[in-house]
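Below are the chains, spelled out letter by letter.
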Amino acid sequence: MAKRKSKVKRNPKGGVKKGDKIHGQKKGKKGEAAAYITRAQALAKLQLPLADFRKLCILKGIYPRDPKKKAQGNDKTYYHHKDISFLRHEPLLNKFFELKTFMKKFKRLMGRREIKSARRLEERKPKYTLHHLVRERYPSFDDAIRDLDDAVSMLALFQSLSADQVRDIPVDAITEATQLYQEFQLYVIRAQALRKVFASIKGYYFQAEIGGQSVTWLAPHQFAQDLPAEVDFRVMLTFLEFYRAMVKFVNFRLYSDLGLAYPPRRDVKLDSSSADVAALEVEMREAGKAQQLQSEQTEKDNADVTTGVLADFGDQSEAVAMQQKLAESNRMKTTFRGLRVFVNREVPLRPLYFVLLCGGVAEVGWERGASAGESAGLGSAFPVDGEAITHQIVDRPVGSFDVRPGREYVQPQWIFDSFNIGCQLPIAPYAPGRTPPPHLSPFVDDKVEGYIPRQREVLDRFAEEVSGKIRADTAEDTKVEGGSLVTGGLHQFEEELRAESEGLWHSEYQKKREDVAAAKMVTEDVGEDMEEVKPQRPSEAEEERLRAKALMPKKHKRLLQRIENAKAQKKEATTRLKKKAQANAS
């Protein structure tokens, strides 16, 4: 007897239907697992080696993703499927294939020692541009300005490096980075857009206001750089390649807004003779002369803006804040107006020169780059013995330089602190041979941090006095406070003289004073711990917060705990600083 055939469900669209809809789907074909692919799958789909794939992703602005469910394992790098599909239609992909073919032919000819054929082939090497990528990634000019921080920082970094054949750092990349960075600095000077500067151990932090956006960058110190072995300079050079194309567009637009020709014209003789200082300083000097002619017109425009704001908004808080911001920027533009400054050889010239011209100085002289027997470097506006010099920047002990009558001698920090506050600070604390006041960062909001240093209070009060916005009662408080400061300083001076007469070294006296202050802080801490703290009943809002915290998932609860611990550590550090300041004051 023949066996009965089993019935098989037929799919109306064709084929055999195996099970229902759930069991008929393959794993990873739908949902979040299908939206991401690994880097190995992306390389296979694009048919690219890893180095070209990494370069293409950097140029296009595509970065790895972190999906919640990693279908191929947690040790893989994932990309979005749409990003990889986006790369498949990139014109640079064909250029990479052409370059790969070119390198195969070139290596074959060099291996056969066919030098002439290799040179002819090298003349026909495929080239590509990144102009379409700049327009694609930054549809508007404001988008490019927002992303200008990293670009200028990268240019400033590479302009301080030297070409290295071992690390594949080409000469043309360093030369173009230096040129673009100098052109950007020149625009900031002509527009007087610099707002903040801070000298740190990493370098010099600058912040300029361009098109209503704040652009912050870091310029390293001009020292011989030691290139670390763990840094992949090929990746950094890829970023630099894109940033060079981007900054060219940005500089052209910025120069066009000021009505200047781009690229700026340079004197070939000055370029060849300036050597280390380069033609940037010469152009800056010309920019300083031009900006002084435009200062009066700028002040009139700002006055018109202030009048229009008052007419439109009246005495509202927004109008007052806008007026204060305008007044502060105007003070910075004219901080060093009328000064003639000479920079000594031991002082870093480029950051000081940049800040001085942004602060309103028309001409600056310098000693750097001077040949034997000369007192001024190439391109300097005047020599060191110029009679019109008002300030000389030195960074050496007293007695190691000639003191000429009629000029002030200050340390470099005076330039930065005066520019940040918007007025010329007193010379005495910054005199050569003295320890200058603390150099506070203008990028830190002390009120938000919870601790306002003593030097910040002094600088703010001095700026208010200079700007004429201080009230009579505040002025009285300043007089009383200044008197107490002077009295405290005299008292400390008398104690130091008494200790010196007793044969006590200054270091021992300082250690003794620190021990007394530490003992006082410990006594205060013990006294606070001995106080009885009455248990307070939590408020309704606090109870609601605790209930919400109890219902949180474990992952969110850990994140909240880390945030609370960070706030507690910050508060503890602020309290410690306040106690230390009180102990030192007493």
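Predicted model only: the values in this text are computed from it and were never measured.

J.: Honestly, the overall build of the protein in this entry has me stumped. Any pointers?
T.: The helix and strand inventory of the protein stands at 23 helices and 9 strands. Across the 586 residues of the protein, 35% fall into the buried class. The contacts of the protein with a sequence gap of at least 6 include a subset with a gap of at least 24, amounting to 61%. Of the accessible surface of the protein, which amounts to about 37700 Å², a share of 53% is contributed by carbon and sulfur atoms.

J.: Looking at this structure, how should I read the side chain of S418?
T.: Here S418 is to be found in helix α17 (residues 413–421). Among the polar contacts made by the side chain of S418, one reaches the main-chain carbonyl oxygen of W414 at a distance of 2.7 Å. One polar contact links the side chain of S418 to the main-chain amide nitrogen of L425, over a distance of 3.3 Å. Not counting residues within four places of it along the chain, the set of residues in contact with S418 comprises T335, F336, C423, Q424 and L425.

J.: Would you mind going over the sheet that holds strand β7 (residues 364–366) with me for this structure?
T.: Hydrogen bonds between backbone groups are what pair the strands of a sheet, and the pairing can be parallel or antiparallel. The sheet built from 4 strands is open, its strands ordered β7-β6-β8-β9 with parallel pairing. Looking at strand neighbours, the two that pair on one side only are β7 and β9 (408–410), the edges of this open sheet. This sheet shows a mean twist of 20 degrees between the axes of neighbouring strands, independent of strand direction. The sheet contact formed by strand β8 (residues 391–393) and β9 spans 3 bridges and is parallel. From the neighbouring strand, Q392 faces β9, where its bridge partner is Y409.

J.: What's the story with helix α3 (residues 39–46) in this structure? I'm lost.
T.: Along an α-helix, a turn takes 3.6 residues, which lines up residues three or four apart on a common side. Within α3, the full set of buried residues consists of A42, L43 and L46. Down the axis, α3 shows its buried residues gathered within 100 degrees of arc, on one side only. Residues of α3 that are exposed and point over 90 degrees away from its buried face: A40 and A44. Close packing links the buried residues of α3 with β1 (36–38), α4 (50–60), α5 (81–88) and α6 (91–111).

J.: What should I look at first to understand the packing of aromatic side chains in this one?
T.: Centre distance and the angle of the planes are the two values used to describe a pair of aromatic rings. Inspection of the entire model under this criterion finds 17 aromatic pairs. Ring plane angle 50 degrees and centroid distance 5.9 Å describe the contact between Y204 and F416, whose orientation is recorded as tilted. Taken together, the residues span a long stretch of sequence, with Y204 in strand β4 (residues 203–210) and F416 in helix α17 at a distance of 212 residues. Just as Y204 is buried, F416 falls in that class too. Linked through ring pairs, Y138, F239, F242 and Y243 together constitute an aromatic cluster. Over the ring of F242 we find R137; its NZ or CZ atom is 4.3 Å from the centre of that ring.

J.: I would appreciate a short explanation of the sheet that holds strand β5 (residues 213–220) in the present structure.
T.: As summarised here, the arrangement of the 3 strands in space is β3-β4-β5, forming an open sheet in which the pairing is antiparallel. Looking along the sheet, the strands with just one partner apiece sit at the ends: β3 (194–199) and β5. When strand polarity is set aside, the average angle formed by the axes of neighbouring strands in this sheet is 15 degrees. Note: β4 against β5, 8 bridges, orientation antiparallel. Note that in β5 the partner of Y205 across the bridge is L218.

J.: Mind showing me how you'd approach the nonpolar core here?
T.: Note that soluble globular proteins tend to have their nonpolar side chains buried in a common cluster. Counting residues in hydrophobic clusters, the biggest one holds 95 residues, and the most contacted among them are F53, L148, F158, V188 and W217. Among the elements that line this core, the one with the most residues is helix α12 (residues 233–258), at 12 residues. With residues up to four places along the chain from it excluded, the contact list for L148 reads F184, V215, M246, V247 and V250.

J.: So what exactly am I meant to see when it comes to the pattern of salt bridges here?
T.: Once the charged atoms of two side chains with opposite charge are near each other, the side chains can pair. Here the structure, examined in full by the defined rule, presents 23 salt bridges. As a salt-bridge pair, R340 and E363 come within 2.9 Å of each other at their nearest N and O atoms. Note that R340 is positioned in the loop between α15 (317–333) and β6 (341–343) and E363 in the loop between α16 (349–358) and β7, a separation of 23 residues in sequence. With a relative accessible area of 26%, R340 lands in the partly exposed category. Three or more residues joined by partner-sharing salt bridges are found here, namely E542, R545, K549 and E564.

J.: Which parts of the structure should I look at to understand unusual backbone geometry?
T.: Working note: non-glycine residues mostly have negative phi, and peptide bonds are mostly trans. The step from Y262 to P263 runs through a cis peptide bond, and the omega angle for that step is -5 degrees. Assignment of secondary structure puts P263 in the loop between α12 and α13 (268–274). Of note, the phi angle at Q47 is positive, near 60 degrees, even though the residue is not glycine. Tracing the backbone through its elements, the reader meets Q47 in the loop between α3 and α4. Residues other than glycine seldom take positive phi values, yet D168 does so here, at roughly 60 degrees.

J.: What's the story with the confidence of the model for the protein in this structure? I'm lost.
T.: Reading fine detail from the predicted coordinates is not recommended where pLDDT is low. Per-residue pLDDT for the protein averages 80, and the proportion of residues at 70 or more is 74%. Throughout residues 273–278 the model reports pLDDT below 50, and contacts reaching past four residues in sequence, or to other chains, amount to 10 contacts. Within the model, the stretch residues 470–490 combines pLDDT values under 50 with 12 contacts to residues more than four positions away or in other chains.

J.: Would you take a moment to explain the environment of L133 for this structure?
T.: Within the secondary structure, L133 is located in helix α8 (residues 131–137). Considering only alpha carbons, one finds L133 and K60, 73 residues apart in sequence, at a separation of 6.8 Å. For L133, the residues in contact, after removing those within four places along its chain, are L59, K60, E90, L92 and F242.

J.: Sorry if this is basic, but what is going on with a positive patch on the surface here?
T.: Where like charges cluster on the molecular surface, the positive patch consists of K100, K104, K105, R108, R112, K116, R119, R120 and R124. Mapped onto the positive patch, the elements with two or more residues apiece are α6 and α7 (115–123). For the positive patch, the leading source of residues is α6, giving 4 residues. Looking at the element boundaries, R124 is found in the loop between α7 and α8. Residue classification places R124 among the exposed residues on the basis of a relative accessible area of 58%.

J.: So what exactly am I meant to see when it comes to the pairing of β4 here?
T.: Across a regular strand the side chains alternate sides, sitting on one face of the sheet and then on the other. Summarising burial for β4: 6 of the 8 residues are buried, a large majority. Here β3 runs beside β4; their pairing, made up of 5 bridges, is antiparallel. Note that in β4 the partner of F198 across the bridge is Y205. What sits between β3 and β4 in their antiparallel hairpin is a turn of 3 residues. With antiparallel pairing between neighbouring strands as the criterion, β4 and β5 make up a hairpin whose turn holds 2 residues, including G211 at a positive phi of roughly 60 degrees.

Reading guide: rules and limits
- Along each chain, numbering runs from 1 in the same order as the chain's sequence is written.
- Reporting of local features is limited, given that this is a predicted model, to residues whose pLDDT is at least 70; pairs of side-chain atoms are given and counted only at 80 or more, and all residues count toward the totals for whole chains, interfaces and linings.
- No hydrogens and no water enter the side-chain calculation; it runs on all heavy atoms of the structure.
- Runs of H or I in DSSP of at least four residues are treated as helices and runs of E of at least two as strands, each being numbered from the N terminus.
- Accessible area is worked out with a 1.4 Å probe on protein chains only. A residue is then buried under 20% of its type maximum, exposed over 50%, and partly exposed in between.
- Contacts between residues were defined by any pair of non-hydrogen atoms, one from each residue, lying within 4.5 Å.
- All accessible areas in this document rest on Shrake-Rupley with a 1.4 Å probe, and a residue is counted as covered only by the protein chains that are shown.
- Pairing of N or O atoms within 3.5 Å defines a polar contact, subject to two protein rules: one partner must be a possible hydrogen donor and the other a possible acceptor, and residues neighboring in sequence count only if both atoms are side-chain atoms.
- Being paired, for any two strands, means DSSP has found at least two bridges between them.
- Every axis in this analysis is a line fitted to C-alpha atoms, fitted for helices over the stretch in contact. Angles between the N-to-C directions lie between 0 and 180 degrees.
- Taking the helix axis as origin, the arc is that swept by the directions to the C-beta atoms.
- Two aromatic rings from Phe, Tyr or Trp, using only the six-membered ring of Trp, form a pair when their centres are within 6.5 Å; if the ring planes differ by under 30 degrees the pair is stacked, by over 60 it is edge-to-face, and anything between is tilted.
- In this scheme, Lys NZ or Arg CZ marks a charge over a ring once it lies within 6 Å of the ring centre and within 35 degrees of the ring normal.
- Working definition of a nonpolar core: buried Ala, Val, Leu, Ile, Met, Phe, Trp, Tyr and Cys residues. They are joined through side-chain atoms within 4.5 Å.
- Whenever a carboxyl oxygen of Asp or Glu lies within 4 Å of a side-chain nitrogen of Lys or Arg, that contact is scored as a salt bridge.
- On a scale of 0 to 100, pLDDT captures the predictor's confidence in every residue.
- Patches draw on residues past 30% relative accessible area with no salt bridge. Two like charges within 9 Å are joined, as are two nonpolar side chains (Val, Leu, Ile, Met, Phe, Trp, Tyr) within 5 Å.
- Only four residue types enter the charge count, namely Lys and Arg as positive and Asp and Glu as negative; His and the chain termini do not.
- Where a charge lies is defined by one atom per residue type, namely NZ (Lys), CZ (Arg), CG (Asp) and CD (Glu).

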